[in-house]
Amino acid sequence: MQIKIYQINTERDNDRAKFQGLFEAEKTKINPEIYDRVFTGDVECKDLEEVFTLFNLDGHRLHRGHTLSVSDIVEVDKGDTPHYYFCDVAGFKEIPFDSTRTHAAENLIRVLVVEPHRPPYESEIENTVKGQQRAVEGYIEYLSNDDGTIIVVNEEGKYNGMEANRHIDGDVLVGPFFIAGDGDEKLCSLNDDQLKKY
């Protein structure tokens, strides 16, 4: 299930809409400009209730926000146009929402996430050591592809017994890893061609 999650940024929340239910939120109109995009990716969930459980109780290493709560919005990609669901006091309600007016952190990069037993999917991470470590669940190691991209893996994954993920060039990469662009001195976003290639 391909989703994005949007949460209200309190610094732009002049109407104190954060954590308000849909009935109250619709009185002042839902304003996309007070929302931040805090997650983009593919999750193993069948429906929105499972999404709520994952992001409210279990957590996800690529999620940059607080636990999923009332007033948050989940975008679901159903293959045609995106559908937006408001997390209400009880359940989710579909709403109109203009995600192009939302915000995202400035230090995000577009990457391809590769997890064991799953197809790779596009996501975004904070381009910091901490953000990279969260994405691979530990210390990071860079493996150059010599084509303008870099594979980022958990440096201690094999020692820690992480699950085998992919066979690449006679080696077995373990645990979750991601592919990013090589910006010489730091990682950068993958372009469309690189994303399609991998």
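Structure shown above.
Residues numbered from 1 in each chain as written. Predicted model: local features only at pLDDT ≥ 70, side-chain atom pairs only at ≥ 80, totals over all residues. Heavy atoms only, no water.

A. Molecular detail of the nonpolar core. Ranked by size, the top nonpolar core spans 30 residues in total, and within it Ile3, Ile5, Val43, Phe55, Val74 and Phe178 carry the most contacts. Ranked by residue count, the leading element in this core is helix H2 (residues 48–58), at 4 residues. Each residue touching Ile3, except ones within four places of it in the same chain, is listed here: Phe39, Thr40, Gly41, Val43, Val51, Phe55, Val74, Glu75 and Val76. Counting residues in hydrophobic clusters, the runner-up holds 12 residues, among them Leu22, Ala25, Ile34 and Tyr84. (Core = buried A, V, L, I, M, F, W, Y, C linked by side-chain atoms within 4.5 Å. Buried < 20%, exposed > 50% of the residue type's maximum accessible area, 1.4 Å probe, protein only. Helix = DSSP H or I, 4+ residues; strand = E, 2+ residues; numbered from the N terminus. Contact = heavy atoms within 4.5 Å.)

B. Expanded view of the environment of Asp36. Here Asp36 is to be found in strand S2 (residues 35–42). Owing to a relative accessible area of 18%, Asp36 belongs among the buried residues under this scheme. When the C-alpha atoms of Asp36 and Met1 are compared, they prove to be 20 Å apart, with 35 residues separating the residues in sequence. Each residue touching Asp36, except ones within four places of it in the same chain, is listed here: Ile5, Tyr6, Gln7, Asn9, Arg12 and His103.

C. Molecular detail of the pattern of salt bridges. For the coordinates displayed, the defined rule picks out 15 salt bridges. Residues Glu33 and Arg101 are paired through a salt bridge, measuring 3.2 Å at the closest nitrogen-oxygen approach. Here Glu33 is found in the loop between helix H1 (22–27) and S2, whereas its partner Arg101 is found in the loop between strand S5 (92–95) and strand S6 (108–114), with 68 residues between them in sequence. A salt bridge links Lys197 to Asp147; the nearest nitrogen and oxygen atoms lie 2.7 Å apart. One end of the pair, Lys197, is in helix H4 (residues 192–197); the other, Asp147, is in the loop between strand S8 (140–144) and strand S9 (149–154), and 50 residues separate them in sequence. Overall, the relative accessible area of 57% leaves Lys197 in the exposed class. A relative accessible area of 28% places Asp147 in the partly exposed class. (Salt bridge = Lys/Arg side-chain N within 4 Å of Asp/Glu carboxyl O.)

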